[in-house]
Amino acid sequence: MDNREAMGSWLSGPREALENAGADFGYRGEQLGLPESGPGSIARPGRRIGALAVDWALCLLIAYGLVTHGYDQATSNWALLIFFVLGVLTVGTIGCTPGKRLFGLRVVSEAGGRLGAGRVVVRTALLCVAIPALIWDRDGRGLHDRLARSVEVRI
């Protein structure tokens, strides 16, 4: 390995360096028995972030218009509470928030069924903390999904 390959592996990350060495990681969701693409496959980060942005904007709008009647620090705090309630109610009942539905996503358990109420509360609370959602595994699932044993899939 020359210096250019070593520098390239450092910039690209350890996964690409291992793949160049012959390691096969498979596709996202293969370990969970999910298809590689299409309905039922693992949701990509762009769609997930877009859905999160839509949900946050909706919660901020509700807090702005119905609770604080203007924008100040309390608006963001109320928006976070509304985001938690929205997540628990909608993911717990229909499996998706308005933003997830708009982007064609759904939250299911690893076994493929609906999440239980306790797991929905854990998942949503960890999502509100934000740090667990920024730690991903090789399937692209956040720590909040791993701890709740859930998967965000395409519809």
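Note that the structure is predicted; figures quoted are calculated from it, not measured. (Residues numbered from 1 in each chain as written. Predicted model: local features only at pLDDT ≥ 70, side-chain atom pairs only at ≥ 80, totals over all residues. Heavy atoms only, no water.)

*Asks:* Looking at this structure, how should I read the side chain of T90?
*Replies:* Examined against the element boundaries, T90 turns out to sit in helix 4 (residues 73-93). T90 gets classed as buried once you look at its relative accessible area, which sits at 16%. Setting aside anything within four residues of it in sequence, one finds T90 in contact with G95, C96, T97 and P98. (Helix = DSSP H or I, 4+ residues; strand = E, 2+ residues; numbered from the N terminus. Buried < 20%, exposed > 50% of the residue type's maximum accessible area, 1.4 Å probe, protein only. Contact = heavy atoms within 4.5 Å.)

*Asks:* Explain empty space enclosed by the protein here, please?
*Replies:* If a probe the size of a water molecule is rolled over the atoms, the empty space left behind becomes visible. Across all of its chains, the model carries one cavity of 30 Å³ or more by this definition. Empty space within the largest cavity amounts to approximately 80 Å³. If you go around the largest cavity, the residues you meet are L52, D55, F83, L86, G87, V91, T97, K100, R123, T124 and L127. Among the secondary structure elements, those contributing two or more residues to the lining of the largest cavity are helix 3 (45-68), helix 4 and helix 6 (117-129). (1 Å grid on protein atoms, 1.4 Å probe; cavity = no way out; pocket = protein on both sides within 12 Å on 5 of 7 lines; lining within 4 Å. Points joined across faces, edges and corners; volume = space filled by probe spheres on them.)

*Asks:* Would you mind showing me how to read the side chain of S150 here?
*Replies:* Positionally, S150 belongs in strand 2 (residues 150-154). For S150, the side chain forms a polar contact with the side chain of D145, separated by 2.8 Å. Non-local contacts of S150, meaning those with residues more than four positions away in its chain, are made with V107, V108, S109, E110, L115, R123, R141 and D145. (Polar contact = N/O pair within 3.5 Å; in protein donor to acceptor, adjacent residues only side chain to side chain.)

*Asks:* Looking at this model, I keep getting lost on the pairing of strand 2. Mind explaining?
*Replies:* Side-chain direction in a regular strand flips from residue to residue, so the side chains alternate between the two faces of the sheet. The buried fraction of strand 2 is high, at four of five residues. Relative to strand 2, strand 1 (residues 105-109) runs antiparallel, the two sharing five bridges. For L105, the partnering residue across the bridge sits in strand 2 and is R154. (Pairing = 2+ DSSP bridges.)

*Asks:* Would you explain helix 6 in this entry?
*Replies:* Quick reminder: α-helices carry 3.6 residues per turn. Residues three or four places apart thus point the same way. An ideal rise of 1.5 Å per residue puts 18 Å on 13 residues; helix 6 measures up with 19 Å between its terminal C-alpha atoms. For helix 6, every residue scored as buried is listed here: V120, R123, T124, L126 and L127. Take helix 6 and look down its axis: the buried residues cluster within an arc of 160°, on one side only. Turned more than 90 degrees away from the buried face of helix 6 sit A117 and V129, all of them exposed. Looking at the buried residues of helix 6, the elements they touch are helix 3, helix 4, helix 5 (98-102), strand 1, helix 7 (143-147) and strand 2. Two residues or fewer past helix 6, A130 is found with a positive phi of approximately 80°. (Expected span 1.5 Å × (residues − 1). Arc of directions from axis to C-beta.)

*Asks:* Can you walk me through the nonpolar core in this structure?
*Replies:* Among the nonpolar cores identified, the biggest contains eight residues, and these are C59, A63, A79, I82, F83, L86, L127 and A133. Secondary structure elements with two or more residues in this core: helix 3 and helix 4. Contact partners of L86, with chain neighbours within four places excluded, come to D55, C59, V91 and P98. Residues L34, I42, V108 and V153 belong to the second largest nonpolar core, which totals five residues. (Core = buried A, V, L, I, M, F, W, Y, C linked by side-chain atoms within 4.5 Å.)

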